[in-house]
Each structure stands twice: as C-alpha cells, then as structure tokens.
Amino acid sequence: MNHTREILTFQFGTYANYVGAHFWNQQEANFVYDDPANEVAVEQYPNNDILYREGRNEQKQTTYTPRLLSVDLAGTLAHLPIVGELYGNYVQRADEAPTDDIVEKLKEGAEQNKLSTSGQLDVLQQPTAPMSEYQRDLLKGTLNTQDKDYKLAESCNSWADYLYARYHPRTFSMLQGITRKSDVQSLATHGAGVEMWHSTAFNEDFCDRIRQYAEECDALQGFQLLFDIDDGFSGMASKCLEHLNDEYTRASYVLPLHYPQNISYAQADMRTAHSIRVVNSVLSYYHLSEQASMFTPLSTLETIWRNSSLKSRNLTGLQFQANNLYQTSAVLAAYLDTVTLGFRLRETSESLMRFCDRVSPSGRKLTAASLALPLGMQQQQDLIDYLNVADSNALLTQLTPGCEPGSSYVLQSLVARGIPDSRLKRPLEQAAKQVQMAAYKCDSVSHMLQLYYQCNYHSSQTHASSTPLPLKTHLPFPYEIFNSSFASNGFKLLDDEHRSVEQRVASAPALAAVQNSSKLGNHLDALHGQTHRIQLAKLQSYSQSGLERDEYETALEQLLEFRDNYADAHYL
Amino acid sequence: MASISLLNPKAEFARAAQALAINISAAKGLQDVMRTNLGPKGTVKMLVSGAGDIKITKDGNVLLHDMQIQHPTASMIARASTAQDDCTGDGTTTTVMLIGELLKQADIYLSEGLHPRIMTEGFEKARDKALEVLEKIKVPVEINKKNLMEIANTSLKTKVHPSLADLLTEVCVDAVLTIANDSQKPVDLHMVELMEMQHKTDTDTQLVRGLVMDHGARHPDMPKRLENAYILTANVSLEYEKAEVNSGFFYKTATEREQFVRAERDFIDQRVKKVIELKRAVCDGTDKTFVLINQKGIDPISLDALAKEGILALRRAKRRNMERLALACGGTAMNSFDDLQEEHLGYAGVVYEHVLGENKYTFVEDCKNPLSVTILIKGPNKHTITQIKDAIRDGLRAINNTIADKCLVPGAGAFEVRAHNELVKFKESVKGKAQLAVQAFADALLVIPKTLAINSGYDAQDTIVKLTVEDRLSPELVGLDLGTGEPMKPTDLGVYDNYIVKKQILNSCSIIASNLLLVDEVMRAGMTSLKG
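Along each chain, residue indices are assigned from 1 in the same order as the chain's sequence is written. Lettering for chains starts from A, numbering for ligands starts from 1, and both go in the order in which the items are written. Confidence filtering applies because this is a predicted model: local features only for residues at pLDDT of at least 70, side-chain atom pairs given and counted only at 80 or more, and all residues used for totals across whole chains, interfaces and linings.

**A closer look at the overall build of chain A**
Stage number 1. Each helix and strand in chain A was counted, giving 15 helices and 18 strands.
Stage number 2. Computed over its C-alpha atoms, the radius of gyration of chain A comes to 24 Å, within 12% of the 25 Å expected for a compact globule of 572 residues.
Stage number 3. Our exposure labels follow a C-beta count within 10 Å of each residue's own C-beta, placed from the backbone: buried means 20 or more other C-beta atoms, exposed means 12 or fewer, and partly exposed covers the counts in between. Across the 572 residues in chain A, those meeting the buried criterion constitute 50%.
Stage number 4. Residue pairs in contact within chain A that sit at least 24 positions apart in sequence constitute 81% of those at least 6 positions apart. Counting from the N terminus, the helices are DSSP H or I runs at least four residues long and the strands are E runs at least two residues long. Atoms considered for the radius of gyration are the C-alpha atoms alone. The globule rule reads 2.2 Å times the number of residues to the power 0.38. By definition, residue pairs are in contact when their C-beta atoms, positioned from the backbone, come within 7 Å.

Dropping the structure here:
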C-alpha cells in the first residue's frame, strides 16, 4: 500500500510568512491540470498531496489548501479575513462593492438567532482595509501577469498583498494584542515568544489545530518549520518544535530566517538591538540543536549579527534590493521549493527523514544552503558543456550567512530543476568533442551533477536529484529581479544579446543544495564570539521576560558542545 | 524640570496635575466606550473588521481586546478587566466603569486641592467598609437546581436574548449538576466540553451526557453506529514509523532490510492483535461492540485490521478527551497494551458518527454515570456560535462560583445602593479630609445602578433618588426593576450576582484607581522614543 506521506508546514513570524507566501504561490504555479503536450513524465511532477489537503466547504465546493499553520502579528493580514476566503464566515469587502446590504442581512440573522439581549444590535464597521492592486485584480478576475506592472516591490506592505494561494480557516493564528509596527518589532525576545506560546489562549487552540491536521494524515512524515530568528517568534518556534517532538516524534526540517535588514526593538539602540539578536540566536540554536532533525539558517545577507554594512549575497544574474522583503523572500522561497523538491516528487522513495539524515551525520544538524538561480546555462548550451567550463566554486551561491562549506569533505544533497533531458548532451552522431568527456556516459541530469561534484570536490559525497520542471517566475514572483542577459525561459543569452524590456522571465532553471562540512563550525564560532560582548543584565527586554541567567549559560555551553560535532575534520 | 531630562533630554514627561489629567481622561474615555454594554439592556455590538471578519459581542473584555489599546493608562485598566475575567468570568464591564467613575469623582476633590495620598487612604477605608457591607448582605444559598438556575439566568440575560438565555441556563445548570454528582464542590469546568457545529439551517444548543469528538473513523468499512459499546481509551502508537533516523538501521542485503522492516511492522501488528484479542474475549457471542479511541496515530494497515473485526477506531484524540472519556464512560486510559483487561474498558450505550461537510463528529452517548459532559452548540455561522459559546462559558463560571461561595449577593444594583448609603453614614466616623474620599467612593458606586437605568431608558437622577430613599427606609435590599424603572426586591425576582465577582471588583478597582491617582509623573523615554 502506498500512502501519501504528508508534511505539515509551520510559519512563525512576518518574514517567515513572506517566504511562505512565495513558496505557496510557487506550488500553485506548478499545479498541472492537464498537460496535453505531455513533455514531462508524470513521476517528475511534485506530489501536491504531500503539502496540500482536500476539503469541502459549506457550499459543497471542493477545496485544496496547504497543510499550513501560520502565526503572525495582528495587522499583517491586511485585507485578508482571518478565516480565509474559502469557507465563508466573513464579509467580502472591496472598494467597489458596498457591504451594507450584507451586513444588514447578517444583523437581521443575528437578531433572529436571539443573540442580542434587547433584540437590537449595534453595528460597528471599521474602515475597509486597503487592498493592493494585485489583490483587487485577482478578486475581479482581471489579473494580468503578462503585461501589467503591479510594482509589488515598492508598494508591498505585507505578504498578504501578493498572496495568490488561499488558505484553510485553520491556518491563521494572529497574536491578539501584539500589533505590527512599522518601525519596531513588537514581539522582540525569545523569552517573550516562549511566554506567548504558553499563554492558554494561544496554546490550546494552536495545539488543537496541529492535532486536527495530524488526524487527517495517514502517514505523516514530518514537519517543515520556517521562523524569524531575529525576534520573539524564535522562542515560539522552539517551543512548538518541542511540542511536536513530544506528541508526534517525526522528522523536522527547520529554517530559521534572518531579516535582510537590521530590525529595531522597543527601547533599544543599535548596540542593544544587536545584543538582542545574538541572544535570540543563541537560545534558538540551543533548542534547535536538541529538537530539530536538521536546520538551515537562511538569509540573503552575507554576514549577520554584528553587521552594519548589510552586504547582500550576490547571485549572478539577479538584481534585487538588498533590504526589500518582497524580493529577498522570493529568492529564499525559490531555494526552499527547489531543495525540498527531491522528496516531494511523485513515486520517489525519498523522504523528509532521509533528506535530513543524509546531510546531517553524527549530530551535525546545522547545514548550509546554497542556490544557483538562474543557472548560468546559455541558450542552446548543453549541461555537459556548461559544467565543463563552469568555475567549480562559482556555480552555487551561499544563502546561509557566514557559512562557506568549502570544497572538500562536503556532504551535500542537491536538486536541479528546469534542465530537460534533451539539454543534457548531444546524441552520439552530433556529439563531437563531448564524447571525449568523462561525463558523456551519464544518462541523467542528476547522474551528471553527481559526477561533476565527485571530480571537483575532494572526498565529498553528493546526492543529486532532478526534475525538468523549471521554477515559475511570473507574477507574483518578482520577475524584475532577473537582469537583461537572461532570456524569458531563464537561460542565458549570448554575450551581446539582451532581453527586450517588454519580455518577462517566465520560468528559470535552478540548482539548490543543502551542504554540510566541518567548516560550518566557523559559523558557530562566530556566534559564540559575539556573545562575549553581551551583558545580559543590561538587556532590559530580556530581564522583563524573565530569562534566567542559568538558562542562557546552559545555552552557551550547549552551543560549544554542539560546535564540537564539527571539530573532527577527518570525518566525512 | 524633571530629573529624567538631565539624563535624557529627549524624554517626554508630564508632571503632577498634567499627569493626573492624562490618567483620568483615559479612564473616562474607556468608561464612555463601555457604558452602553452594562446590564441586560445594554446593547450588543457587531464588529466588522477592515478585512471583513465578523464578531458579535457584548463582553467588555472582548471589546477591549479588539480595540487594541495603545494608551498606557487605558491598557492598565484593560488588564484589570482581563484579570477580572480570568478570576471570575464576569464583571469585566463593571470593573472598567467603576475605575473610571472612581477617578472622575476623585478628580472633583483633587481639583479643589485635596492631596491624592489622602484620597487613596480614604478609598482604602471605604473599600474595607464596602466589603463589610458585602459580607453582611450576602445570602447563603443551598446548592440546588432552582438557586443555580437563578444565578445562571441573571448572568446569561446580560449576554443574550432572554428566551435564549432560558435555554442556555437549563443546559449550563444541568451540565454542572451532572458532573458535580451531588457533591457540593465546584466542578472542573474542563470536564464540560464545548463542541461547535456549523450548520446552515439549525440553531440549537443541547447537552450531551457523554462526549462529542470532532473527528471520526478514517476507514470506509468501519461501522457508523454502534450500540452497547465497550470503550477502550489508549495512548499507544499504532502506526509504523520508519525508524531509520533514531536507530542505526544497518543492513547488508535487500532481504535483510526487508526483514528489519517486517520486524518493525510486526511490533505494531502485535499491539493491534492484543486489542483484537480483547475484543473477541469480551464481545464475541454477545451483542456488545467495541470502540477504540487513541490519542496517538493509527495507520491505514492497523485501521484495516481493526475494521475487519468491526471495531470503530478513532485516532489522535484530544489529550484532554482522554481524561474526559475516562470520566464519562468509566474505564482507564491505557498507556500500553501489555496487560489489557476487561476492567480497563469503559461503556457507552451508543456511539455514532455524524458527517457535516468536511468535518466528522463522533458522539459517545448514553453513558452509565457520566462525570464529563458536552455542550453541543449548533449555529448557522461562526460568529453566532462564538457568541453563544462565550455566553455559556460565563454561565458555567457563574454557577461554579456559586457552588464555591455557597452564597449570593442580590443583584440589580442593590448592593451598590446599600453600600452607598452605608458609606455615607460611615463617613461621619472618619476623621479629617479622608471623609471626602469616602464620599467619592460612595458616589462612584452609584454608577452601576445609574448606567443600568440609562441603558434601559430611564432618568438616572430620578432612579437614584428613588432607590436610595427606598433603601434607607427598608431593611431589605432594593434593586432596580429594568422593566418598570421602579425599585424592587431582587430576592423576590431571583436576580442574584456572584459574591466573588463583587468582592473582586471592589478590591481591584480601588487598587487600580489609587495607583493611577498617585501617579505624579508620566514619562516616556528610551532609545526609540515614539515621536508623533
């Protein structure tokens, strides 16, 4: 018997939801209803049932929604009703349609149901939440992803502005009473997040939602957890992970996300804010090293913690604003989608657990992310030629700040997408020089990549998989980040050619990897080095949320112990 | 110049009179917002948020939360109101009203030069006296259905329409009495499950003497309805988890791997077999049936095996339902199947499934001596259900408070009027300017009957005069009849409030009000001082 091996996803925090929104948009962009051309074999499509559930709403319509639990601050939902838009129980509010009739009807209904003591109801209508142009067009069904420029990068205030996917009523939990502020992070510390997790109003409801999702699953294989590590959501995620391990004992792939900008906290100057960030990271790493199956910190920044320059990673072919949440989160989401695609394909024997296990041996649970988007392959170029000329280190760009896994003793798991088998190599009669290359005997993309890394990385182990499905990069993905040397199918144009301005990149090949090597110990050293300057007593917001000195010291010790896992350079 | 500005020239601060004015105006503002909610004639509000979310409420606490208060003073009062809710489940609006009124009354004297310190001392004396009065007028009650109905009804009538309140009263009292089972102790309200069902055409609230769970069997062949059922509750995993991660899963050949997998699978199968053996032992040859309710997962293979035996199996039950099931059906929740006996099983007369859209519900009913029950709320939409749920919660709390206190306080503003009169008398015995504070406290208490009168459409001054005069003349307590606007005896009409609620209000309000009065400097400093 073959059952869908479900994965439940969690998103804690605003940036996590930014990334999540792109991730789910990407899933829906890849839905295939029917494929007349049948270019891609069935088993190379992702099995959407792993991440999605089928349901029925009150109107007896079938719904297909992500198995997702999302937590964010009040106010981030903007125009989205908290119950989602598929199951009713809300009033559709848009500028054009007056809602008075519907509200009046609801009012009468409520009065008939004797909800009012006196038979009368006072209606208080708050002003309609502003809706982004993209959402307005989506609602009207006049979405134009080809020509219209929605300027999402400049105008986007929240992830709700560009969310194409629709969620189940169970999905959103908003932290009541903690409102999003434009200048400071309201839920600042790990401790505050822990406290929030334990508050009865939140905890009971949230754990029950997890249970309801788990109850539906026949063969739950694990969890995928995204959270903001810079703020209080780190505490909430740590506690959630603990709960998941207690109740469900499944694999968990955790992705702590660093904001691409320095966020500020109430009553904290730069220096204090920096300390808060470091303490949040220390405490999170402490919990993750014990609870997670594997964790991969993600950010588009080059370094974090003591970072005033905010230098961004530079992906060849991409131009994005370093501190733009909408654009940077799209890059991270592209990574997440690509790297996890390996075990989400149909008829794969891979699982989340093996994925984690393979690259995190003997307690080396911290792993590094790297991505090549777009892959620098030229139009008409074959993979074999591309790899032949590519500089071995320049292929992938690191997405984990402060991590350089190096090119020897590396364990890695990589997924290539968007390279059709026809682009692998020439048939024998046209092969010319290709025949002389060792890689010519490889029959698949994954095989060839494996060989490539075998040759380039000294005593390393690579696991590669691939699918011909490219990354879909039309709206609401920030298509504008591709520079003009790439064609609309994401392959590189010849040297002097440029894509015309009207043309947009609609899809792109990509390569993503999760890597592990003893060099990752440096990342932990860097974090530990930061802690020397911290005076915990001076961190007011921490003493307020009741962080015990002991707990912090345990966390520091644990961090060193965890670092020891990376000490032995001989271990592959 | 405040000392803070020496340290931080950017700090914003307000001193003395100005600080007080800030606090008082915030309290008054909040009071204005909440005023219309008080009492059975207060208006119910339907909130439609900017995104279209609907909420119907009359609960002061809910409103306060929804308004997302930023003002520091207001949020302090809001917190007092939340504490009141956590503690007693009632009186949240009253708390806000009273704090506002105490400050308002105090302001009159403070503006004439009375020192806040004297004011707070007077408040303390007045509060002690008021508590004394409360002690004197409380009515000890027998815990029986009639008395509990009265208190629950008073509480519920302030939340929903009288006719619905009557229905809910019956449900709440029955629920608590069933669980209490003649003991005179307050019950664990966690043992009353509130289950909601969204149903297009049906609005109904009923008490199920048993348990309703929000999930059902996950196998098509499992029975949909069983009678005379044994209930096995367990916390044992019946699913095969690939153990590759936790243990080294080393194998040389494919067959060896197969063997490992089979051994692992076998382990689970053994557990399933134990359940099936027990089922055969107790059910075969009788008309009894068997239900398994598991807190952990059950995988399709195990479900299949159980279904073949006609066992109804539920997976991933709520943790709290384990406890509830044991109380409702008897039996014990098992953590292992090693020593499974008949005595571990519970019993239910009927177990059946109900499907509604994508949701399944399983009813476990006709239990022999249920010590845990479920209140099932049906409504056409979410906001209706939520509003009824909130009302029920408060009703249950009111009943439980009564059982704990074993006494009640006459309602309809009777206590406030009496306390006012007593305080005015008491004022004479207080020395010095503190008298004024006692007077202020006495006057502040009248805000409750006053607002009740206004909300019901009567003249406030008229009513207050009538009530205070009537109270002075009669030894019995006098409250306001909201139907006629005339004084009446609340004991006759069965209008009662909880003793603990009143006590809590007196205590917390005087403390918060005193604290706010003593504030003589408000400052806002810090690195991210929020200008504008």
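This is not the end of the story, as more comes after the structure.
**Comments concerning the overall build of chain B**
Stage number 1. Helix and strand content of chain B: 18 helices and 18 strands.
Stage number 2. Dimensions of chain B, computed from C-alpha atoms along their principal axes, come out at roughly 95 × 65 × 40 Å.
Stage number 3. A total of 532 residues make up chain B; the buried ones form 48% of that total.
Stage number 4. The contacts in chain B between residues at least 6 apart in sequence include a share of 77% that link residues at least 24 apart.

**Describing the environment of Gln 387 of chain B**
Residue and element names in this part refer to chain B.
Stage number 1. With respect to the helices and strands, the residue Gln 387 is situated in helix 12 (residues 382–405).
Stage number 2. Owing to 27 C-beta atoms within 10 Å, Gln 387 belongs among the buried residues under this scheme.
Stage number 3. Through-space distance from the C-alpha of Gln 387 to that of Val 160 is 8.5 Å; in sequence the pair is 227 residues apart.

**Topic: the interface of chain A and chain B**
Stage number 1. The interface is formed by 63 residues belonging to chain A together with 49 residues belonging to chain B.
Stage number 2. Elements supplying a minimum of two residues to the side of chain A that touches chain B: strand 2 (52–56), helix 2 (100–112), strand 5 (121–125), strand 6 (172–179), helix 6 (200–216) and helix 10 (352–359) of chain A.
Stage number 3. Note on residue classes: Ala, Val, Leu, Ile, Met, Phe, Trp, Tyr, Cys and Pro are nonpolar, Asp, Glu, Lys and Arg are charged, and everything else, Gly too, is polar. Its residues placed into classes, the side of chain A that touches chain B shows 26 nonpolar, 23 polar and 14 charged.
Stage number 4. Sheet topology places strand 5 of chain A next to strand 2 (residues 44–48) of chain B; 5 bridges connect them, and they run parallel. By the bridge assignment for strand 2 of chain B, Leu 124 of chain A is matched with Leu 47 of chain B. Strand pairing requires that DSSP identify at least two bridges connecting the strands.

**Observations concerning the sheet that holds strand 5 of chain A**
Adjacent strands of a sheet pair through backbone hydrogen bonds, lying either parallel or antiparallel.
Stage number 1. Taken together, 3 strands build an open sheet; the order of strands is 5(A)-2(B)-3(B) and the sheet is mixed. The open sheet has two edge strands, strand 5 of chain A together with strand 3 (54–57) of chain B, and neither has a second partner. Between one strand axis and the next, the sheet turns by 20° as a mean value, whatever way the strands run.
Stage number 2. Each axis is a line fitted through C-alpha atoms, taken for helices only over the stretch in contact, and angles between the N-to-C directions span 0 to 180 degrees. Here helix 2 of chain A sits on the sheet and contacts strand 5 of chain A together with strand 2 and strand 3 of chain B; the angle it forms with strand 5 of chain A, its principal contact strand, is near 150°.

**Some words on helix 16 (residues 460–473) of chain B**
Stage number 1. Expected helix span is given by 1.5 Å per residue-to-residue step, counting one fewer step than there are residues. Helix length check: helix 16 of chain B, at 14 residues, gives a terminal C-alpha distance of 20 Å against a target of 20 Å (1.5 Å per residue), a fit within 8%.
Stage number 2. As for helix 16 of chain B, its buried residues are in contact with helix 13 (414–427), helix 15 (447–455), strand 15 (479–480) and strand 16 (487–488) of chain B.

**Concerning the sheet that holds strand 13 (residues 397–398) of chain A**
All names here are of chain A.
Stage number 1. One open sheet holds the 5 strands; their spatial order is 13-12-18-14-15, and the pairing between them is mixed. Looking at strand neighbours, the two that pair on one side only are strand 13 and strand 15 (461–467), the edges of this open sheet.
Stage number 2. Of the pairings in the sheet, the one linking strand 12 (residues 368–372) to strand 18 (residues 510–516) comprises 5 bridges and is antiparallel in character. Residue pairing for strand 18: Ala 372 is matched across the bridge by Leu 511.
Stage number 3. The strands that helix 10 touches are strand 14 (411–417), strand 15 and strand 18; relative to strand 14, the one it contacts most, it runs at about 130°.
Stage number 4. The strands touched by helix 12 (residues 445–456) within the sheet are strand 14 and strand 15, with strand 15 carrying the most contacts at an inclination of about 155°.

**Overview of unusual backbone geometry**
Stage number 1. Backbone torsion omega between Leu 373 of chain A and Pro 374 of chain A reads -10°, so that peptide bond is classified as cis.
Stage number 2. Residue placement: Pro 374 of chain A occurs in the loop between strand 12 and helix 11 (383–389).
Stage number 3. The omega angle of the peptide bond from Leu 475 of chain A to Pro 476 of chain A is 0°, so this bond is cis rather than trans.
Stage number 4. For Pro 476 of chain A, the position within the fold is in the loop between strand 16 (471–472) and strand 17 (507–508).
Stage number 5. Despite not being glycine, Arg 316 of chain B has its phi angle at roughly 50°, a positive value.
Stage number 6. In this model, Asp 366 of chain B sits at a positive phi of 55°, which is unusual for a non-glycine residue.

**Notes on the packing of helix 13 (residues 521–531) of chain A against helix 15 (residues 549–564) of chain A**
Axes are the key here: two packed helices are described by the angle between their axes and the distance separating the axes.
Residues and elements named next belong to chain A.
Stage number 1. One can describe the packing of helix 13 onto helix 15 by two numbers: an axis separation of 10 Å at closest approach and a directional angle of 155°. Here helix 15 runs roughly antiparallel to helix 13, going by the angle between their axes. In this structure, helix 13 crosses over helix 15, and the sense of that crossing is left-handed. Facing Gly 521, Leu 524, Asp 525, Leu 527, His 528 and Thr 531 of helix 13, the residues of helix 15 in contact are Leu 556, Leu 559, Leu 560, Phe 562 and Arg 563.
Stage number 2. Tallied by class, residues from the contact of helix 13 with helix 15 come to 6 nonpolar, 3 polar and 2 charged. These descriptions rest on fixed angle ranges, namely under 35 degrees for roughly parallel, over 145 for roughly antiparallel, 65 to 115 for roughly perpendicular, and the rest for oblique. For a crossing to be left-handed, the near helix must be turned anticlockwise from the far one by less than a right angle; the clockwise case is right-handed.

**What to know about the confidence of the model for chain B**
For any part of a model where pLDDT is low, the fine detail of the predicted coordinates should not be relied upon.
All names here are of chain B.
Stage number 1. As a per-residue quantity, pLDDT reports the predictor's confidence and falls between 0 and 100. In the predicted model, chain B carries a mean pLDDT of 81, and 90% of its residues have values of at least 70.
Stage number 2. In this model, residues 527–532 is a region of pLDDT below 50 whose contacts with residues beyond four sequence positions or in other chains number 12 contacts.
Stage number 3. Among the prediction metrics, the complex's ipTM stands at 0.82, with pTM recorded as 0.86.

**Some thoughts on helix 11 (residues 319–329) of chain B**
Residue and element names in this part refer to chain B.
Stage number 1. Along helix 11, the positions that sit buried rather than exposed are Asn 321, Arg 324, Leu 325, Leu 327, Ala 328 and Cys 329.
Stage number 2. Elements that come into contact with the buried residues of helix 11 comprise strand 5 (192–198), strand 7 (211–213), strand 8 (225–234), strand 9 (289–294), strand 11 (346–356) and strand 12 (359–365).
Stage number 3. Phi turns positive one or two residues past the end of helix 11, at Gly 330, with a value near 85°.

**Comments concerning the packing of helix 4 (residues 72–88) of chain B against helix 5 (residues 92–110) of chain B**
All names here are of chain B.
Stage number 1. For the pair helix 4 and helix 5, interaxial distance at closest approach is 8 Å and the crossing angle is 145°. Note on packing geometry: the crossing formed by helix 4 with helix 5 is right-handed. Contact with helix 4, carried on its side by Ile 77, Ala 80, Ser 81, Gln 84 and Asp 85, involves Thr 92, Thr 95, Val 96 and Ile 99 of helix 5 and no other residues of that element.
Stage number 2. Looking at side-chain class alone, the contact of helix 4 with helix 5 contains 4 nonpolar, 4 polar and 1 charged residues.

**A word on the environment of Leu 506 of chain B**
Residues and elements named next belong to chain B.
Stage number 1. Mapped onto the fold, Leu 506 is located in helix 18 (residues 499–518).
Stage number 2. Its 22 C-beta neighbours within 10 Å are what place Leu 506 among the buried residues.
Stage number 3. Residues Leu 506 and Val 519, spaced 13 residues apart in sequence, show a C-alpha to C-alpha distance of 20 Å.
Stage number 4. If near-sequence neighbours (up to four positions away) are discounted, Leu 506 is found in contact with Arg 127, Ala 130 and Leu 131.

**Things to note about the confidence of the model for chain A**
Stage number 1. Per-residue confidence for chain A gives a mean pLDDT of 82; residues scoring 70 or more make up 92%.
Stage number 2. Ranking the elements of chain A by mean pLDDT puts helix 14 (residues 540–544) of chain A last with 66 and strand 1 (residues 7–12) of chain A first with 92.

**Overview of the pairing of strand 11 of chain B**
Residues and elements named next belong to chain B.
Stage number 1. As defined by bridge partners, strand 8 adjoins strand 11 across 6 bridges and the pair is classed as antiparallel. When the bridges of strand 11 are listed, Leu 226 appears paired with Val 351.
Stage number 2. Looking at chain direction, strand 11 and strand 12 are connected through 7 bridges and run antiparallel. The residue bridging Leu 356 from the neighbouring strand is Asn 359, located in strand 12.
Stage number 3. With antiparallel pairing between neighbouring strands as the criterion, strand 11 and strand 12 make up a hairpin whose turn holds 2 residues, including Gly 357 at a positive phi of roughly 60°.

**Considering the pairing of strand 13 (residues 373–379) of chain B**
Residues and elements named next belong to chain B.
Stage number 1. With 5 of its 7 residues buried, strand 13 lies for the most part within the structure.
Stage number 2. Here strand 5 runs beside strand 13; their pairing, made up of 7 bridges, is parallel. Note that in strand 13 the partner of Met 195 across the bridge is Leu 376.
Stage number 3. Pairing between strand 6 (residues 204–208) and strand 13: 5 bridges, direction antiparallel. Note that in strand 13 the partner of Val 208 across the bridge is Thr 374.

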